[in-house]
Amino acid sequence: MGRAVAGHQRSTRAHLLAVALVLFWSSGFIGAELGPGTAGAQTLLTWRCLVIALLLVPFLPRPSERWHAREWVRQAVLALLCQCLYLTGVFWAAAAGVPAGTSALVASLQPAVVLLATAGLHHGAVRRVHLWGLLAGTAGVALAAAGDVGAGASPLALALPVGAVLSLAAGTLLHQRWTREEPTGGRSMPLLQTLAVQSLFTAGFTTAVAAPGGDLLPPPSSAFWTAVGWTVVAGLGSYAAYYRAVDALGADRANALLYLTPAVTALWAAALFGGEVRSTTLAGLALSAAGAALLLRVESLRPVSGGTATDRSPHR
């Protein structure tokens, strides 16, 4: 009886985590699209990062904790890949005229990138159900975003979300590998400390990029601060849910949930900007959900025999 209750509680938490990840992650693309009408993309991104860093200051590690220098280097690398380069690609793409749905479309190809990279790095076996899940999810994404692709965006602008996806995928794989290794000193930073440290690095990075070009000064506009507020809430929720999902479900299964973001982004856009909810959006959402369900039903990829000692770590 106790095991059944515990299993039900774990299942409930997993479902809530999945819903939170999809809602927060998709809302981030809307926040990026709010910016171009209020200020430059770099200005909005910088103040989004500065506000988040300020809010998370109380959670920064205390000097008495004495984290090993290697852990700080890891957090800096993850901040660069998962936040600095990823967010820059998304925000600059929005400023270059790439619709939120199209950015979400490109970003949702990450499950395929992460799954195939995980299989390649750890010699894992990609099952037929994985391929069916990827096929259904990708088809649903394409259907949901029909009409957005090619909406006046240049090839260079479309390359920005592609670079963002590759950066986040690389950071995701590193995050999973490092958390499953035996951490330096036998432990790694808790989630809130991780977010605080990475936000501090990200705020420094975006400020350093914005200041030389004169993009640091915010405009005296309530609409700008509304956009900042939206991106702050979306950013905090997105990364907290994303890192938690990667740790709890594995990188490949957590990223399967991103297949749902284009259709949900389209629903956000329709609600906020008065756009029409197309039948293809709803059909794409259903097909993407089927693909994500297939990928979530199978275990996270594991290495086959012959892997390294690290790959066979009990932390897996």
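Residues numbered from 1 in each chain as written. Predicted model: local features only at pLDDT ≥ 70, side-chain atom pairs only at ≥ 80, totals over all residues. Heavy atoms only, no water.

**Structural notes on the UniProt feature "transmembrane region" (unreviewed entry) in the protein**
Condition: UniProt positions are given in the numbering used here, feature names are shortened, and annotations may be inferred rather than shown by experiment. Runs of H or I in DSSP of at least four residues are treated as helices and runs of E of at least two as strands, each being numbered from the N terminus.
Summarizing the sequence annotation, UniProt attributes the feature "transmembrane region" (unreviewed entry) to residues 41-60, 72-94, 100-122, 129-147, 153-174, 195-211, 223-242 and 254-273 in the numbering used throughout. Secondary structure across residues 254-273 divides into 80% helix and 0% strand, with the first and last C-alpha atoms of the span separated by 29 Å.

**A short note on a nonpolar patch on the surface**
The test is simple: Without a salt bridge and with relative accessible area above 30%, a residue can belong to a patch; like charges are then joined within 9 Å and nonpolar side chains (Val, Leu, Ile, Met, Phe, Trp, Tyr) within 5 Å. Per-residue and other accessible areas were derived by the Shrake-Rupley procedure at a 1.4 Å probe size, with only the shown protein chains allowed to occlude residues. A carboxyl oxygen of Asp or Glu within 4 Å of a side-chain nitrogen of Lys or Arg is what we treat as a salt bridge. Under the scheme applied here, a residue whose accessible area is under 20% of the maximum for its type counts as buried, over 50% as exposed, and between as partly exposed, the area being computed with a 1.4 Å probe on protein chains only.
On the surface, a nonpolar cluster with roughly 220 Å² of combined accessible area is contributed by Val113, Val162 and Leu166. Following the sequence through the fold, valine 113 ends up in helix H5 (residues 110-122). A relative accessible area of 32% means that valine 113 is categorised as partly exposed.

**Points about the packing of helix H2 (residues 41-55) against helix H9 (residues 222-249)**
Definition in use: Every axis corresponds to a line fitted to the C-alpha atoms, with the helix fit spanning only the stretch in contact, and the corresponding angles, defined between N-to-C directions, vary from 0 to 180 degrees. By definition in this entry, angles of less than 35 degrees are roughly parallel, angles greater than 145 are roughly antiparallel, angles of 65 to 115 are roughly perpendicular, and the rest are oblique. We call a crossing left-handed when the near helix sits turned anticlockwise from the far one by less than a right angle, and right-handed when that turn is clockwise. In this description, contact between two residues means that some pair of their heavy atoms is separated by no more than 4.5 Å. Polar here means any residue other than Ala, Val, Leu, Ile, Met, Phe, Trp, Tyr, Cys and Pro, which are nonpolar, and Asp, Glu, Lys and Arg, which are charged; Gly is therefore polar.
Packing of H2 against H9 leaves a shortest axis separation of 9 Å and a crossing angle of 55°. Between H2 and H9, the angle is such that the two are oblique. Here H2 and H9 pass one another in a crossing that is right-handed. Residue-level inspection shows Thr43, Leu44, Trp47, Arg48, Val51, Ile52 and Leu55 of H2 in contact with H9, the latter providing Phe224, Trp225, Ala227, Val228, Thr231, Val232, Gly235, Leu236 and Tyr239. When the residues that make up the contact of H2 with H9 are grouped by side-chain class, the tally is twelve nonpolar, three polar and one charged.

**A short note on helix H8 (residues 191-210)**
Applicable threshold: Expected span of a helix, by definition, is 1.5 Å for each gap between consecutive residues, and there is one gap fewer than residues.
Taking 1.5 Å as the rise per residue, H8 with 20 residues should run 28 Å; its terminal C-alpha atoms sit 28 Å apart, in good agreement. Three or more residues of H8 are buried, namely Gln193, Thr194, Leu195, Ala196, Val197, Gln198, Ser199, Thr202, Ala203, Thr206 and Ala210.

**What about the side chain of glutamine 193?**
The residue glutamine 193 is located in helix H8 in this model. When residues no more than four places from it in sequence are discounted, the contact partners of glutamine 193 are Phe59, Pro61, Glu65 and Trp67.

**Focus on the packing of aromatic side chains**
Here is the rule we go by: By convention, a stacked pair of Phe, Tyr or Trp rings (six-membered ring in the case of Trp) has centres within 6.5 Å and planes under 30 degrees apart, an edge-to-face pair has planes over 60 apart, and any other such pair is tilted.
Summed over all chains, the structure comprises eight aromatic pairs. A ring pair is formed by phenylalanine 224 and tryptophan 225, whose centres lie 5.0 Å apart and whose planes are at 80°; its orientation type is edge-to-face. Its relative accessible area of 0% is what places phenylalanine 224 among the buried residues. With centroids separated by 6.2 Å and ring planes inclined at 50°, the aromatic side chains of tyrosine 242 and tyrosine 243 adopt a geometry described as tilted. You can call tyrosine 242 buried: its relative accessible area is 1%. Of the residues examined, tyrosine 243 reaches a relative accessible area of 1% and is grouped as buried. Linked through ring pairs, Trp25, Tyr86, Tyr239, Tyr242 and Tyr243 together constitute an aromatic cluster.

**With respect to the nonpolar core**
Within soluble globular proteins, side chains that are nonpolar tend to cluster in buried spots. Test applied: What makes a nonpolar core is a set of buried Ala, Val, Leu, Ile, Met, Phe, Trp, Tyr and Cys residues whose side-chain atoms join them at distances within 4.5 Å.
Core analysis: the biggest nonpolar cluster contains 50 residues, and Leu21, Trp25, Phe29, Tyr86, Phe91, Tyr239 and Tyr242 have the highest contact counts within it. If you list the elements that add at least two residues to this core, you get helix H1 (2-34), H2, helix H3 (69-95), helix H4 (100-107), helix H7 (155-180), H8, H9 and helix H10 (251-256). It is H9 that provides the largest number of residues to this core, a total of eleven residues. Discounting residues that sit within four places of it in the chain, tryptophan 25 has contacts with Tyr86, Leu168, Ser238, Tyr242, Leu258 and Thr261.

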